[in-house]
Amino acid sequence: MDNDDVSCRAVEKHRPNVPCPDTPSDGNLVYYEQFNLPGGSYKIGDCVYVRSENGRQLIARIDKMWEDNSKGAFFHGPWFVTPLEIAHPPTRLFHKQEVFLSSIEDTNPLLSVTGRCYVMELRDYIRCRPTEIPEKDIYVCESRYLEVERQIRKITKGLKKFIYSDLVMEDEIYFFKKPITAQKTEANGSPQVLACKSKVLLSSDSLLPKTSDAEMEDSLDGHTPSVGSVETPVQNQTVSTKKKPIRRLVTGYILYAGEVRKSIITKNPDSSFGDISRMVGTEWRTLPADVKAEYEERAQKINEETAANQPKEDGPPSVPVSMENMVYECLFDKCDFQFETQQDLLEHLIGEPNGHVQQKYTVLEGQEVGDFHCLWHNCSRVKKNAAPFQNLQRLVRHCREVHVKASGRCILPADRGKKFCFYKS
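Residues numbered from 1 in each chain as written. Predicted model: local features only at pLDDT ≥ 70, side-chain atom pairs only at ≥ 80, totals over all residues. Heavy atoms only, no water.

**Q** What should I look at first to understand the overall build of the protein in this one?
**A** What the protein contains, in helices and strands, is 10 helices and 20 strands. By residue count, 43% of the 425 residues in the protein fall in the buried class. Here the analysis covers contacts within the protein between residues at least 6 apart in sequence; of these, 67% occur between residues at least 24 apart. For the protein, the accessible area works out to roughly 24300 Å², and carbon and sulfur atoms hold 52% of it. (Helix = DSSP H or I, 4+ residues; strand = E, 2+ residues; numbered from the N terminus. Buried < 20%, exposed > 50% of the residue type's maximum accessible area, 1.4 Å probe, protein only. Contact = heavy atoms within 4.5 Å. Areas by Shrake-Rupley, 256 points an atom, 1.4 Å probe, with all protein chains shown as cover.)

Spelled out as structure tokens, the structure:
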């Protein structure tokens, strides 16, 4: 491990075992929101790697976890499958690191978990990343796989969301300044025959609690998944291993960041990933115009050479979507501020301690406890007459997960408001 990796290592925070507050104990079982193992700490909603008998690592999500009276810890949740594990047309294209939510759910020992990974919806995948998960363990999911029918279906309501109590340590999320372009390519290799997913190491059926049909009901579209202990072989299909060339356009900023990032990390060893990226962006913005032009010319030359060396395709080359006119608006409590980046909107709205939400709900004498309404314009909770949030943390989480993520829209410079704020340097 080099010095750069050491300096950017995430700070370890205390993560206690947190029993589920709303779930009564089931006989001798105690359910947890967050649970510690020798290999790490896990919470409901986490996606994990699970060790199987044949040595392969499978991907599962922890929807429930519990401990029995003999201190045996288990979890229950759905599997995710890769393109090589399912039947699909040979010409189908997939996102890099794409997985599919399987209709099979299963119960397994927590000791069969080998580590964490992270499965994101496409809209989140192009905008942000968890800071404590390596990029190689980040996956994108926008479809589910029906194991019995052997069909791929789009997930219309998104992946299941989890709400935590205040004691659970949530993942830190870093938002990109601009959304990235998610490209698709062919799957490498041929689909494999799936063995029984429930046969993971350390499984012990005699210790597993019985799961009712209601517990097995999937939260996404109401379909009842097949039982995890049933083997579901997939027909072997031949998939073309020929890769289509993908043009990855280089920009002047990418070249500059590659040259200066390590030196900035060395000078600021205690700074987070997001802080380092902000420093790189600030230096780029302050460069003289002629220096920027040199980097852009170098980038253009590299792109031209790359295009010349690639074989011509049948169709026109893909052009990345321009996000130049994307604006992020604050609509909380009749606010009309606009921002060039999503990160600046996030800091304006819920940044500690002077965010818009925090200032609005500063505890005043006589204020009722639990009276935390979302004041975002046209919030669906208001339309449904939903009860207010019981604490400020829940309201902040709601604003971040629901409104900030969907706040961007294209507005031409001439149409922007008087309170438009450029990227903070």
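Next comes the rest of the description.
**Q** Which parts of the structure should I look at to understand the environment of Ile265?
**A** Summarising the element assignment, Ile265 is placed in helix H4 (residues 252–267). The class of Ile265 is buried, set by a relative accessible area of 9%.

**Q** When you look at the pattern of salt bridges in this model, what are you seeing that I'm missing?
**A** Side-chain pairing between opposite charges can occur once the charged atoms of the two side chains come close. Considering all chains together, one arrives at 21 salt bridges under this definition. We note a salt bridge from Lys43 to Asp46, for which the minimum N-O separation is 3.0 Å. Accessibility assignment for this pair places Lys43 and Asp46 in one class, buried. With a shortest N-O distance of 3.1 Å, Lys43 and Asp171 are connected by a salt bridge. You can see Lys43 sitting in strand E3 (residues 40–43) and its partner Asp171 sitting in the loop between strand E14 (151–154) and strand E15 (173–175), a full 128 residues away along the chain. Relative accessible area serves as the criterion here: at 24%, Asp171 is assigned to the partly exposed category. In this structure, a network of salt bridges that share partners links the residues Lys43, Asp46, Arg116 and Asp171. (Salt bridge = Lys/Arg side-chain N within 4 Å of Asp/Glu carboxyl O.)

**Q** Can you walk me through the pairing of strand E6 (residues 64–67) in this structure?
**A** Looking along a regular strand, one sees the side chains alternate between the two faces of the sheet. Pairing of strand E2 (residues 30–37) with E6 involves two bridges; the strand directions are antiparallel. Following the sheet pairing, Val30 is matched in E6 by Glu67. When E6 meets strand E7 (residues 73–81), the two strands line up antiparallel, connected through four bridges. Along E7, the bridge assignment pairs Trp66 with Phe74. Counting the residues that bridge the hairpin from E6 to E7 gives five residues, and of these Lys71 lies at a positive phi of roughly 65°. (Pairing = 2+ DSSP bridges.)

**Q** When you look at the pairing of strand E17 (residues 326–329) in this model, what are you seeing that I'm missing?
**A** Neither face of E17 is open: one carries Met326 and Tyr328, the other Val327 and Glu329, and all of them are buried. As defined by bridge partners, E17 adjoins strand E19 (residues 408–410) across three bridges and the pair is classed as antiparallel. Each residue of the ladder has a partner; that of Tyr328, found in E19, is Gly408. Across two bridges, the pairing between E17 and strand E18 (residues 338–339) is antiparallel. From the neighbouring strand, Tyr328 faces E18, where its bridge partner is Phe339.

**Q** Explanation requested: the packing of helix H7 (residues 342–350) against helix H10 (residues 392–404) in the structure shown.
**A** In a packed pair of helices, the relevant descriptors are the angle between the two axes and the axis-to-axis distance. Where H7 meets H10, the axes come as close as 11 Å, and the angle between the chain directions of the two elements is 150°. Between H7 and H10, the interaxial angle falls into the category roughly antiparallel. Pair H7 / H10 crosses with right-handed handedness. Touching Gln342, Leu345, Leu346, Leu349 and Ile350 of H7 are Val396, Cys399, Arg400 and Val404, all from H10. A class-by-class count of the residues in the contact of H7 with H10 yields seven nonpolar, one polar and one charged. (Axes fitted to C-alpha atoms, helices over the stretch in contact; angles between N-to-C directions. Parallel < 35°, antiparallel > 145°, perpendicular 65-115°, else oblique. Left-handed = near helix turned anticlockwise from the far one by under 90°. Nonpolar A, V, L, I, M, F, W, Y, C, P; charged D, E, K, R; others polar.)

**Q** Looking at this model, I keep getting lost on the nonpolar core. Mind explaining?
**A** Across soluble globular proteins, nonpolar side chains have a tendency to be buried as a group. Core analysis: the largest hydrophobic core is formed by 30 residues, its most contacted members being Phe332, Leu349, Val357, Leu395 and Cys399. Broken down by secondary-structure element, the contributors of at least two residues to this core are strand E10 (113–120), strand E12 (138–140), E17, H7 and H10. Residues within four places of Phe332 in sequence aside, it is in contact with Leu349, His356, Val357, Lys360, Tyr361, Cys374, Leu375, Trp376 and Cys399. In this structure, Tyr42, Ile44, Val48 and Val50 belong to the second largest nonpolar core, which totals 21 residues. (Core = buried A, V, L, I, M, F, W, Y, C linked by side-chain atoms within 4.5 Å.)

**Q** Help me out: how do you make sense of the environment of Glu121 in this one?
**A** Checked against the element boundaries, Glu121 lands in the loop between E10 and helix H2 (122–125). The exposure class assigned to Glu121 is buried, which follows from its relative accessible area of 9%. A C-alpha to C-alpha distance of 5.3 Å links Glu121 and Cys141, two positions 20 residues apart in sequence. When sequence neighbours within four positions are dropped, the list of residues in contact with Glu121 reads Val140, Cys141, Gly158, Leu159 and Lys161. Of the polar contacts made by the side chain of Glu121, one reaches the backbone nitrogen of Leu159; its length is 2.8 Å. (Polar contact = N/O pair within 3.5 Å; in protein donor to acceptor, adjacent residues only side chain to side chain.)

**Q** I keep staring at the packing of aromatic side chains and nothing clicks. Help me out?
**A** Overall, the coordinates contain 11 aromatic pairs when judged by the stated rule. Where Phe94 meets Phe100, the ring centres are 5.8 Å apart and the plane angle is 85°; that geometry is what we call edge-to-face. Classification of Phe94 as buried rests on a relative accessible area of 3%. Three or more aromatic residues joined by ring pairs make a cluster, and in this case those are Tyr31, Trp66 and Phe74. In this arrangement the basic side chain of Arg129 is found over the ring face of Tyr125, its NZ or CZ atom lying 4.2 Å from the centre. (Phe/Tyr/Trp six-rings, centres within 6.5 Å; stacked < 30°, edge-to-face > 60°. Lys NZ or Arg CZ within 6 Å of the ring centre and 35° of its normal.)

**Q** In this structure, what is going on with the sheet that holds E17? I would like to understand it.
**A** Note on sheets: strands pair through backbone hydrogen bonds, and any given pair is parallel or antiparallel. In space, the four strands of this open sheet follow the order E19-E17-E18-E20, with mixed pairing throughout. The sheet is open, and its two edges are formed by E19 and strand E20 (420–421), each paired on a single side.

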